[in-house]
Amino acid sequence: MHAGLSRLQCGAILPDKTANAVMSANSSEDSNALDPLTRVRIVLVEPSHPGNIGASARAMKAMGLSDLALVKPREFPAAAATARASGADDILVHAKCYDSLQSAIAACGIVIGTTARERHLEWPVVTPREMAEWLAPRAAQEECALVFGREQAGLSNAEMALCHRMVRIPTSADFSSLNLAQAVQICAYELRNAVVVSPATGARVDEPLATTAELAAALDHLQSVMIKVDFFNPERPRLLPIRLQRLLNRSELKRSEVQILRGFLTAIEETLADH
Ligand code: SAH
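Predicted model, so just to flag it, every value in this text is computed and none were measured. (Residues numbered from 1 in each chain as written. Predicted model: local features only at pLDDT ≥ 70, side-chain atom pairs only at ≥ 80, totals over all residues.)

Colleague: I keep staring at the overall build of the chain and nothing clicks. Help me out?
Modeller: Of regular secondary structure, the chain possesses 12 helices and eight strands. Counting all 275 residues of the chain, 40% fall into the buried class. A sequence separation of at least 24 residues applies to 88% of the contacts in the chain between residues at least 6 apart. (Helix = DSSP H or I, 4+ residues; strand = E, 2+ residues; numbered from the N terminus. Buried ≥ 20, exposed ≤ 12 C-beta atoms within 10 Å, placed from the backbone. Contact = placed C-beta atoms within 7 Å.)

This is the structure we're talking about:
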């Protein structure tokens with residue numbers, strides 16, 4: 001269920017890689033130093049105002065980002081989106097629509113959520129600058145996503161559990177909620193700054209990270225073995241599934257490490273089957 005099978009096209013009909021290639025070719029300023037920016041996908045979850053989609057596209061284009069994904073937008077394509085994009089229409093044309101956050105981020109190795117609220121103690125919450133400094137070298141190698149929530153309600157707990165880090169833009173204590181596109185702008189600006197100021201030279205990881213889809217499959221596997229050994233009762237799940245998901249997401253697991261974990265789980269299953 002976590003594979004990116006449910007992608008719906010809502011802009012031009014182009015496969016992801018083609019869309020990225022078109023964007024890079026069109027951008028005269030793209031150089032190797034800015035390449036990580038093409039690997040950061042901006043995901044808007046259920047945006048209700050098409051104007052915010054257009055303004056987000058404009059914010060992205062000004063910072064050299066090009067990959068926009070929309071999860072169940074209320075209205076898109078829309079004249080209001082095009083009007084607010086003010087010339088960043090190409091980003092709207094290539095925007096891809098999905099029916100769930102899982103499918104929008106399935107191919108990503110790193111997923112960063114954003115929140116206006118301070119109370120998400122369960123997640124490491126960082127500033128946009130910290131996020132950008134952490135993400136810039138990783139985006140040189142991994143497909144990454146920056147996820148923004150609904151105008152009214154933000155992201156759900158289940159959606160936040162899919163994120164490896166949460167970003168909170170520091171604000172005045174009594175008014176913490178920015179306009180969606182302005183939040184996109186600040187994060188995109190910091191990302192650009194981090195990529196331009198400290199081009200991805202160091203911090204290279206030798207192996208690819210597991211994608212969200214691979215982590216979701218590992219989580220399913222882990223839970224099914226926990227059920228078989230009577231460690232976990234799915235009828236009374238409590239917080240265990242979400243805690244395990246957070247643990248996996250926080251760990252920056254490499255693909256090979258997930259394979260070791262799954263191999264171990266399979267060995268347990270085989271041993272159980274022999275008895
Ligand atoms: N009432 C909502 C506010 C949503 S604002 C809530 O309580 O979450 C819409 C989206 O803009 C948020 O989901 C987030 O993605 C982004 N955003 C707004 N203010 C932000 C802030 N201070 N820090 C980080 N993201 C913010």
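Colleague: How do you make sense of helix 12 (residues 255–274) when you look at a structure like this?
Modeller: With 20 residues, helix 12 extends 29 Å between its outermost C-alpha atoms, agreeing within 8% with the 28 Å of an ideal straight helix rising 1.5 Å per residue. Burial analysis of helix 12 places just one of its 20 residues in the buried class, which makes it a mostly uncovered element. (Expected span 1.5 Å × (residues − 1).)

Colleague: Help me understand the environment of Trp-134 in this model?
Modeller: Relative to the helices and strands, Trp-134 is located in helix 7 (residues 128–139). A residue is classified by how many C-beta atoms lie within 10 Å of it, and Trp-134, with 18 of them, is partly exposed. Through-space distance from the C-alpha of Trp-134 to that of Ala-194 is 8.9 Å; in sequence the pair is 60 residues apart.

Colleague: Please clarify how the confidence of the model for the chain should be interpreted in this entry.
Modeller: Segments scoring low in pLDDT should not have their predicted coordinates read at a detailed level. Taken over all residues, the pLDDT of the chain has a mean of 86, while the share at 70 or more is 83%. Overall, residues 1–7 carries pLDDT values under 50, and its contacts beyond four positions in sequence, including any with other chains, amount to 19 contacts. (pLDDT = per-residue confidence, 0-100.)

Colleague: Would you mind showing me how to read the site of the ligand here?
Modeller: Of all residues adjacent to the ligand, which total 19 residues, the nearest are Ala-116, Phe-148, Gly-149, Gly-154 and Ile-169. Per-class residue counts for the shell around the ligand are nine nonpolar, seven polar and three charged. (Near = placed C-beta within 6 Å. Nonpolar A, V, L, I, M, F, W, Y, C, P; charged D, E, K, R; others polar.)

Colleague: For this particular structure, what's the right way to read unusual backbone geometry?
Modeller: Leaving glycine aside, a negative phi is the common case for residues, and trans is the common case for peptide bonds. In this structure, the amide linkage connecting Phe-76 to the following residue, Pro-77, adopts the cis form with an omega of -5°. Its place among the elements puts Pro-77 in the loop between strand 3 (67–71) and helix 4 (79–85). Phi is positive for Glu-46, which is not a glycine, with a value near 45°. Topologically, Glu-46 is positioned in the loop between strand 2 (40–45) and helix 3 (50–62). When the 18 C-beta atoms within 10 Å are taken as the criterion, Glu-46 is described as partly exposed. Despite not being glycine, Arg-238 has its phi angle at roughly 45°, a positive value.

Colleague: Help me understand helix 9 (residues 180–197) in this model?
Modeller: One turn of the α-helix equals 3.6 residues, which is why residues spaced by three or four share an orientation. The first and last C-alpha atoms of helix 9 sit 26 Å apart over 18 residues, in line with the 26 Å expected at 1.5 Å per residue. Three or more residues of helix 9 are buried, namely Leu-180, Ala-181, Ala-183, Val-184, Cys-187, Ala-188, Glu-190, Leu-191, Arg-192, Ala-194 and Val-195.

Colleague: Please clarify how the packing of helix 10 (residues 212–228) against helix 11 (residues 240–250) should be interpreted in this entry.
Modeller: Remark: helix 10 packs on helix 11, axes separated minimally by 10 Å, with the N-to-C direction vectors making an angle of 135°. Taken as axis vectors, helix 10 and helix 11 run oblique relative to one another. In the crossing of helix 10 with helix 11, the sense of the turn from one axis to the other is right-handed. Contacts between helix 10 and helix 11 involve Leu-215, Ala-218, Leu-219, Leu-222 and Gln-223 on the former and, on the latter, Pro-241, Leu-244, Gln-245, Leu-248 and Asn-249. (Axes fitted to C-alpha atoms, helices over the stretch in contact; angles between N-to-C directions. Parallel < 35°, antiparallel > 145°, perpendicular 65-115°, else oblique. Left-handed = near helix turned anticlockwise from the far one by under 90°.)

Colleague: I'm lost on the packing of helix 7 against helix 9 in this one. Help?
Modeller: The axes of two packed helices give the description: the angle between them and the distance between them. With their axes 8 Å apart at the nearest point, helix 7 and helix 9 run at an angle of 45° to one another. With respect to helix 9, the axis of helix 7 lies oblique. Classified by chirality, the crossing of helix 9 by helix 7 is right-handed. Listed contacts from helix 9 to Pro-128, Arg-129, Met-131, Ala-132, Glu-133, Leu-135 and Ala-136 of helix 7 are Ile-186, Cys-187, Glu-190, Leu-191, Asn-193, Ala-194 and Val-195. Its residues assigned to classes, the contact of helix 7 with helix 9 shows 10 nonpolar, one polar and three charged.

Colleague: Sorry if this is basic, but what is going on with the environment of Ser-86 here?
Modeller: Here Ser-86 shows up in the loop between helix 4 and helix 5 (89–93). Owing to 13 C-beta atoms within 10 Å, Ser-86 belongs among the partly exposed residues under this scheme. Spatially, the C-alpha atom of Ser-86 lies 9.0 Å from that of Ala-57, the residues being 29 residues apart in sequence.

Colleague: How should the environment of Cys-108 be read in this particular structure?
Modeller: In this structure, Cys-108 sits in the loop between helix 6 (101–104) and strand 5 (110–114). For the pair Cys-108 and Val-40, spaced 68 residues apart in sequence, the C-alpha to C-alpha distance is 9.1 Å.

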